[in-house]
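Take a look at the letters that make up each chain.
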Amino acid sequence: ADRDAARKLHEEANLPFVEVFVDVPLAVAEQRDPKGLYKKAREGLIKNFTGIDDPYEAPEHPEIHLNTHEQSVEECVSTIVAYLKQKQIVA
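A short tour of the structure in this document, coming up. For clarity, every value in this text was computed on a predicted model and none was experimentally measured.

1. So, the layout of surface pockets
(1) Moving on: As a volume, the largest pocket reaches approximately 380 Å³.
(2) Moving on: If you trace the largest pocket, you find 14 residues lining it, with Ala1, Arg3, Glu57, Ala58 and Pro59 closest to the centre.
(3) Moving on: Its residues placed into classes, the lining of the largest pocket shows five nonpolar, two polar and seven charged.
(4) Moving on: Estimates place the volume of the second largest pocket at around 210 Å³.

2. A look at the nonpolar core
(1) Moving on: Counting residues in hydrophobic clusters, the biggest one holds five residues: Ile64, Leu66, Cys76, Tyr83 and Leu84.
(2) Moving on: Every element with two or more residues in this core is listed here: strand 2 (64–67) and helix 4 (73–86).
(3) Moving on: For tyrosine 83, the contacting residues outside a window of four places in its chain are Val18, Glu63 and Ile64.

What counts and what doesn't
- Residues numbered from 1 in each chain as written.
- Predicted model: local features only at pLDDT ≥ 70, side-chain atom pairs only at ≥ 80, totals over all residues.
- Heavy atoms only, no water.
- 1 Å grid on protein atoms, 1.4 Å probe; cavity = no way out; pocket = protein on both sides within 12 Å on 5 of 7 lines; lining within 4 Å.
- Points joined across faces, edges and corners; volume = space filled by probe spheres on them.
- Nonpolar A, V, L, I, M, F, W, Y, C, P; charged D, E, K, R; others polar.
- Core = buried A, V, L, I, M, F, W, Y, C linked by side-chain atoms within 4.5 Å.
- Buried < 20%, exposed > 50% of the residue type's maximum accessible area, 1.4 Å probe, protein only.
- Helix = DSSP H or I, 4+ residues; strand = E, 2+ residues; numbered from the N terminus.
- Contact = heavy atoms within 4.5 Å.

Scope: geometric values only; no functional claims are made or implied.
Written as structure tokens, this is what we have:
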């Protein structure tokens, strides 16, 4: 519902909306966590943490889908920039 609301606000303002799904397995996200938030969530110190005790709903039809566990940062950035250029959002 939040994503739909954001998309609608952009459409009403005649602004482009680009949903980017930064996809990564939970185990990889936990390994990358520099602040230890996932560990704290698993210990019950943080409540309603997305992916641990609060559900995560992947977007159904994102404009861009990045598999960050399979792509480098440079590849992800290139994918986004190429999309923005293709849609003439940036030059």
